[in-house]
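Observations on the model geometry
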Amino acid sequence: STHGSEHMVFKCRFCCSVASYFCFGHTHFCPSCHTKPWNIVSQNNYQFIVGKLPLCPGKDECPLGIEHPPNGEEYVLGCACCEDFKVPTMVTDDPKPSN
């Protein structure tokens, strides 16, 4: 709460990657999922997921290296200013900031 919600780092709602985009006013996407939103959700209704989402392989094999809620749910990884989260470089490959 020190830095506010604008500095929160989110997990992609649909896979085990760091989100770089915030769309529809309620959904965080990684670069890969952002390129195909209509393959994942129906129009702008994030609660209606079109198909099956990938399952997390578990903390030991998850690209994020953490336990987190199932894909399909929003999840905060931590604060960018406090750097209170640890995420492998390989899942933060998009240089664009969140919008």
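Everything that follows concerns the structure shown earlier in this document.
Conventions we followed
Residues numbered from 1 in each chain as written. Predicted model: local features only at pLDDT ≥ 70, side-chain atom pairs only at ≥ 80, totals over all residues. Heavy atoms only, no water. Salt bridge = Lys/Arg side-chain N within 4 Å of Asp/Glu carboxyl O. Helix = DSSP H or I, 4+ residues; strand = E, 2+ residues; numbered from the N terminus. Buried < 20%, exposed > 50% of the residue type's maximum accessible area, 1.4 Å probe, protein only. Phe/Tyr/Trp six-rings, centres within 6.5 Å; stacked < 30°, edge-to-face > 60°. Polar contact = N/O pair within 3.5 Å; in protein donor to acceptor, adjacent residues only side chain to side chain. Contact = heavy atoms within 4.5 Å. Core = buried A, V, L, I, M, F, W, Y, C linked by side-chain atoms within 4.5 Å.

**A word on the pattern of salt bridges**
By the definition in use, this model includes one salt bridge. Taking the shortest distance from any N to any O, the salt bridge between Glu74 and Arg13 comes out at 2.9 Å. Within this pair, whereas Glu74 is found in the loop between β5 (45-49) and β6 (75-79), its partner Arg13 is found in the loop between β1 (8-11) and β2 (21-23), the two being separated by 61 residues in sequence. You can call Arg13 buried: its relative accessible area is 9%.

**Remarks on the packing of aromatic side chains**
Under the definition given, this model contains three aromatic pairs. Residues Phe24 and Trp38 carry aromatic rings whose centres are separated by 5.6 Å and whose planes lie at 40 degrees to one another, so their mutual orientation is tilted. Of the two residues, Phe24 is situated in the loop between β2 and β3 (27-29) and Trp38 in helix α2 (residues 37-40); the sequence distance between them amounts to 14 residues. Every member of this aromatic cluster is reached through a ring pair, and the members are Phe14, Phe24, Phe29 and Trp38.

**A word on the side chain of His28**
Take His28: it is sitting in strand β3. Of note is the side chain of His28, whose polar atom sits 2.4 Å from the side chain of Glu74. Filtering out sequence-adjacent residues up to four positions away, His28 remains in contact with Phe10, Lys11, Cys12, Arg13, Phe14, Ala19, Tyr21, Phe22 and Glu74.

**Here's the deal with the nonpolar core**
By size, the foremost hydrophobic cluster in this structure holds eleven residues: Cys12, Phe14, Cys15, Tyr21, Cys23, Phe29, Cys30, Cys33, Ile40, Val41 and Leu53. When sequence neighbours within four positions are dropped, the list of residues in contact with Cys23 reads Phe29 and His34. Formed by six residues, the second largest nonpolar core is a distinct cluster that contains Val9, Cys16, Val18 and Leu64.

**Some points on unusual backbone geometry**
The backbone of Phe24 sits at a positive phi, close to 65 degrees, despite the residue not being glycine. Residue Phe24 is classed as partly exposed on the basis of its relative accessible area, which comes to 31%.

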